[in-house]
Amino acid sequence: MGRPSVSALTLLTMALALLSVYISFSRFFFPSSIPSPRDYTYLGSDFPELWETPSREPVAMLVQESRAYPIHGPDALERWATSTSDGFGYVRLGEEKRAFAVTMFHEMHCVRLMRAALEGRYDAMSRGHMHHCLNYIRQSILCAPDLTLEPADVLTRDFEQDRIGSTHVCADWSAFFDAAADNFAAFMATTPHTNSSHTR
């Protein structure tokens, strides 16, 4: 079988060029005919899979044995409360201001629950919630595995002396806290409420 003739390649190129022009003009003159990711009603199942937030450059996280988040102590509850977002881990989207949980904040909620259980708060309600949280975090880890290599010194390392671990490349989590704060402020500004003193 021989090579296609020059005229056949020319016709194919012209057809693709015309198709490209048609698509460009369609998008310009009939923008509603092309679905946009921002055209969601947020009603029923009409919402995006991911919360759209402004992106930032990745950041480095140096994993360390932090004393800033203790399990026990007078300020442990308050310190761990800083890991929630304005809006308590929820964002309100669409004209109806529908509430959605954001996975990252849901995961942090589960970590706070585990800390409370380690401190001794482990009643019947906590046990059922803990089962959910352990499985939720397990599945979240499987969904977004971090393949950073770490030295295999867990059993021999003195974590009181050698407190610094590996450096991980991460999404800039502060962008999500900022976006959640903006979302909650907008929600509070447009929603009648009786007590606006609680922002976390």
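The rules we used
Residues numbered from 1 in each chain as written. Predicted model: local features only at pLDDT ≥ 70, side-chain atom pairs only at ≥ 80, totals over all residues. Heavy atoms only, no water. UniProt positions renumbered as here; feature names shortened; annotations may be inferred. Core = buried A, V, L, I, M, F, W, Y, C linked by side-chain atoms within 4.5 Å. Buried < 20%, exposed > 50% of the residue type's maximum accessible area, 1.4 Å probe, protein only. Helix = DSSP H or I, 4+ residues; strand = E, 2+ residues; numbered from the N terminus. Contact = heavy atoms within 4.5 Å. Polar contact = N/O pair within 3.5 Å; in protein donor to acceptor, adjacent residues only side chain to side chain. Expected span 1.5 Å × (residues − 1).

In the annotation of an unreviewed UniProt entry, the entry for the chain reads Hydrolase-4 domain-containing protein, and the organism field reads Mycena indigotica. Regarding the chain, the UniProt comment filed under Sequence similarities (unreviewed entry) reads as follows: "Belongs to the ustYa family." Comment text from UniProt for the chain, heading Pathway (unreviewed entry), reads "Mycotoxin biosynthesis."

Moving on: the nonpolar core. One recurring pattern in soluble globular proteins is that nonpolar side chains are buried together. Residues Cys110, Leu113, Met114, Ala117, Met130, Cys133, Tyr136 and Ile137 constitute the largest nonpolar core, which totals eight residues. Taken together, the elements giving at least two residues each to this core come down to helix 3 (103–119) and helix 4 (124–143). Excluding its chain neighbours within four sequence positions, the residues that come into contact with Cys133 are His109, Cys110, Leu113 and Met114. Judged by nonpolar contacts, the second largest core, of seven residues, contains Val91, Phe100, Val102 and Phe105.

Further remarks concern the side chain of His168. Its location among the elements puts His168 in strand 4 (residues 164–170). A polar contact is formed between the side chain of His168 and the side chain of Asp146, at a distance of 2.6 Å. Look past the residues within four positions of His168 in its chain and what remains in contact with it is Val59, Ala60, Met61, Val63, Asp146, Thr148 and Glu150.

Turning next to unusual backbone geometry. Peptide bonds are mostly trans, and most non-glycine residues show a negative phi. Backbone geometry at Tyr42 places phi at a positive 65 degrees, although glycine is not the residue there. Looking at the element boundaries, Tyr42 is found in the loop between helix 1 (6–29) and strand 1 (59–64). By relative accessible area, which is 15% here, Tyr42 ends up buried.

Looking now at helix 3. Residues that lie three or four places apart on an α-helix share one face, since the helix turns once every 3.6 residues. Here helix 3 spans 24 Å end to end across 17 residues, near enough to the 24 Å set by a 1.5 Å rise per residue. Every buried residue belonging to helix 3 is among Phe105, Cys110, Arg112, Leu113, Met114, Arg115, Ala116 and Ala117, and all of these are buried. Tucked inside the fold, the buried residues of helix 3 contact helix 2 (76–81), helix 4 and helix 5 (173–190). Trailing helix 3 by a residue or two, Gly120 shows a phi angle of about 125 degrees, which is positive.

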